[in-house]
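Given next are the chains, with one letter for each unit.
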There are 2 protein chains.
Amino acid sequence: MNVLLVYAHPEPASFGAALRDRGVQALRDAGHTVQVSDLYAMGFNPVASGADFTQRRFPARLQYDREQKHAQQHQAFAPDIQAEIDKLLWCELLILQFPLWWFSVPAILKGWLDRVFANGVAYGPGRRLETGGLRGRSAMLALTTGCFEGMTAPDGLLGDLNAILWHLHFGTFAYAGLRVLPPFTAFAVQYGTPAQQQDMLDAYASHLSRLDTLQPLFFHPQSDFGPDWRLRADVQPATVAQRRLP
Amino acid sequence: MNVLLVYAHPEPASFGAALRDRGVQALRDAGHTVQVSDLYAMGFNPVASGADFTQRRFPARLQYDREQKHAQQHQAFAPDIQAEIDKLLWCELLILQFPLWWFSVPAILKGWLDRVFANGVAYGPGRRLETGGLRGRSAMLALTTGCFEGMTAPDGLLGDLNAILWHLHFGTFAYAGLRVLPPFTAFAVQYGTPAQQQDMLDAYASHLSRLDTLQPLFFHPQSDFGPDWRLRADVQPATVAQRRLP
């Protein structure tokens, strides 16, 4: 497979960097081709603006998503965005690796999503969920966090990990049509001994070696909803916390 | 009350800008004092890095949250961060206003949270939820979105609005100790007629005029959890979708 790893961490000597390197090695050992977008190293600009387009359909007033659509049709994305879109459309598996900051991705990675998951590329009119622009590809989160695993259990202090990640797993990946593989989470990374950190690296390599056998998360397709955008009465609902239907 | 409005939108002539202005006017009419951080107008830098500190405790290897703690103790935040922290600690109500992008805030606003909701200020060891650094203050989201309201019902196409916003309402506001007021959401803004947009502005002013009567969202306090970080057996659990306990 072609794998795009989008990586965001400000410290080159972090555990996150070790996890990135181990992941790339495991993927290459398994025969995959890997490209890495190291956003801090690239100095990636995360701020969406009118400067993201080399020509504008509506120069007087910025409507960002409409200009994305226009740019997709007229090859008018700024070069830094087009380079990332090219990698995104090249890949069969997208991995986002990051430290969990305020229950989400660091700003530099949020900006990669804002600018690269563009209208006309990742989604569009009638193109979302099972008809999303990135359908046929897979995606996975790989995150590091200071919290303990029990804190993200369904009855844990921080809430169900599925609720914490809903905006990424469903709202970003599934919305764009991506198959969502179960995340890899390295918990309590700053409390780990060197041996425990080594175990986490091994666990990540093992997770990546089983990509073919990982069962994707379940999300209701558009076809489960009626014209009022509500779940049809004949469909068994999956809750946020129980997304894997039997 | 002292109100800090942190506002993120790239287009000065947007509906979001009209909503911002109407909100500021409504708050001032009610006797509140308002400061606005207009992140795009300020050219706010959202990328957390080692340059955020004027001195470092660990210069060789960046551990961002530990340097935040050190900076809080030694007045060592970069000036742009310190200015925002000063506004944050001045306010009694924090409002974040933004267009919902990929089920979350735009990157420029995520970076404001990453850099300003600092360790030692918004949270710290033993300081979260009811003991969070910002306890005694309130917070509210004001968001604009292209989706229709029914899509964010509990059985809606996009999932429960409470699940979409969990990382902000709970993971950011409540975690830092803030009382969380019900959000104001302007749905389907780009499809509205001028009269419908006027109605949305009026509804926002009305929402802001009722701040005293809005019932905060419910989140379990730390005291509801046992030493294993799991909800105690004698506590009635609130689900993500039913956070307002009777």
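Residues numbered from 1 in each chain as written. Chains lettered and ligands numbered in written order. Predicted model: local features only at pLDDT ≥ 70, side-chain atom pairs only at ≥ 80, totals over all residues.

1. Observations regarding the overall build of chain A
Helix and strand content of chain A: 8 helices and 6 strands. Going from N to C terminus, chain A has its helices and strands arranged as β-α-β-α-α-α-β-α-β-α-α-β-β-α. Looking at chain A alone, contacts between residues at least 24 apart form 75% of all its contacts between residues at least 6 apart. (Helix = DSSP H or I, 4+ residues; strand = E, 2+ residues; numbered from the N terminus. Contact = placed C-beta atoms within 7 Å.)

2. Quick look at the interface of chain B and chain A
Tallying the contact residues gives 48 residues for chain B and 48 residues for chain A. For the side of chain B that touches chain A, the secondary-structure elements that each account for two or more residues are helix H5 (107-116), helix H6 (161-164) and helix H7 (166-174) of chain B. If you tally residues by element for the side of chain B that touches chain A, the top one is H5 of chain B, at 6 residues. Residues of the side of chain B that touches chain A, tallied by class, amount to 29 nonpolar, 11 polar and 8 charged. (Nonpolar A, V, L, I, M, F, W, Y, C, P; charged D, E, K, R; others polar.)

3. As for the environment of Asp 199 of chain A
Residues and elements named next belong to chain A. In this fold, Asp 199 is placed in helix H8 (residues 194-209). Taking the C-beta count within 10 Å as the criterion, Asp 199 has 13 such neighbours and is therefore assigned partly exposed. Between the alpha carbons of Asp 199 and Ala 186 there is a distance of 9.9 Å; along the sequence they are 13 residues apart. (Buried ≥ 20, exposed ≤ 12 C-beta atoms within 10 Å, placed from the backbone.)

4. Things to note about the packing of helix H5 (residues 107-116) of chain A against H5 of chain B
Between H5 of chain A and H5 of chain B, the shortest axis-to-axis distance is 8 Å and the interhelical angle comes to 170°. The angle between H5 of chain A and H5 of chain B falls in the class roughly antiparallel. Contacts from Ala 107, Lys 110, Gly 111 and Asp 114 of chain A of H5 of chain A reach H5 of chain B at Ala 107, Lys 110, Gly 111 and Asp 114 of chain B. Residue classes in the contact of H5 of chain A with H5 of chain B are distributed as 2 nonpolar, 2 polar and 4 charged. (Axes fitted to C-alpha atoms, helices over the stretch in contact; angles between N-to-C directions. Parallel < 35°, antiparallel > 145°, perpendicular 65-115°, else oblique.)

5. A short note on H5 of chain A
Among the 10 residues of H5 of chain A, 10 are classified as buried, and the element is accordingly described as predominantly covered. Those residues of H5 of chain A that are buried lie in contact with strand E1 (2-7), helix H2 (39-42), helix H4 (79-90), strand E3 (93-99) and helix H7 (166-174) of chain A together with H5 of chain B.

6. Some details on the packing of helix H4 (residues 79-90) of chain B against H5 of chain B
Residues and elements named next belong to chain B. The geometry of H4 relative to H5 is characterised by a closest axis approach of 10 Å and an angle of 85° between their N-to-C directions. One finds that H4 runs roughly perpendicular with respect to H5. Residues Ile 81, Glu 84, Ile 85 and Leu 88 of H4 touch H5, and the partners they reach there are Trp 112, Arg 115 and Val 116. Its residues placed into classes, the contact of H4 with H5 shows 5 nonpolar, no polar and 2 charged.

7. Points about the relation of the copies chain B and chain A
Expressed as a screw operation, the relation of chain B to chain A combines 0.0 Å of axial shift with a rotation of 180°, fitting to an RMSD of 0.0 Å. What the rotation and shift describe, once combined, is the action of a two-fold rotation axis. Scanning chain B for the C-alpha nearest the rotation axis identifies Ala 107 of chain B, at a separation of 2.4 Å. A high fraction, 100%, of the interface residues of chain B reappear at the interface in chain A, so the copies pair face to face through one surface. (Least-squares fit on C-alpha atoms with pLDDT ≥ 70 in both.)

8. Brief notes about H8 of chain A
Because each turn of an α-helix spans 3.6 residues, side chains separated by three or four positions in sequence point in the same direction. Residues and elements named next belong to chain A. The terminal C-alpha atoms of H8 lie 23 Å apart, and with 16 residues this matches the ideal 22 Å at 1.5 Å per residue to within 8%. Taken residue by residue, H8 has Met 200, Tyr 204 and Leu 208 as its buried positions. Projected down its long axis, H8 carries its buried residues within an arc of 75°, all on one side. Of the exposed residues in H8, the ones pointing more than 90 degrees away from its buried face are Ala 195, Asp 202 and Ser 206. Where H8 is buried, its residues meet helix H1 (15-29), strand E4 (138-144) and strand E6 (184-186). (Expected span 1.5 Å × (residues − 1). Arc of directions from axis to C-beta.)

9. A look at unusual backbone geometry
All names here are of chain A. In the Ramachandran plot, Trp 102 falls in the positive-phi region, its phi being about 50° despite a non-glycine side chain. Along the polypeptide, Trp 102 turns up in the loop between E3 and H5. Note on Trp 102: 22 C-beta atoms within 10 Å, which makes it buried. Positioned with a positive phi, Phe 103 is a non-glycine residue whose angle comes to about 60°. Mapped onto the elements of the fold, Phe 103 is located in the loop between E3 and H5. By the C-beta count within 10 Å, which is 25 here, Phe 103 ends up buried.

10. Notes on the confidence of the model for chain A
Taken as a whole, chain A shows an average pLDDT of 95; of its residues, 97% reach a score of 70 or greater. Predicted as a complex, the structure gets a pTM of 0.97 and an ipTM equal to 0.97. (pLDDT = per-residue confidence, 0-100.)

11. Points about the pairing of E1 of chain A
Residues and elements named next belong to chain A. E1 sits mainly inside the fold: 5 of its 6 residues count as buried. Strand direction decides the pairing type here: E1 and strand E2 (residues 33-38), joined by 6 bridges, are parallel. Bridge pairing in E2 places Tyr 7 opposite Asp 38. In the classification by handedness, the crossover that spans E1, the intervening H1 and the parallel E2 is right-handed. Alignment of E1 against E3, held across 5 bridges, turns out to be parallel. Among the inter-strand pairings, Leu 5 is bridged to a residue of E3, identified as Ile 95. (Pairing = 2+ DSSP bridges. Right-handed = clockwise from strand over helix to strand, strands pointing away.)

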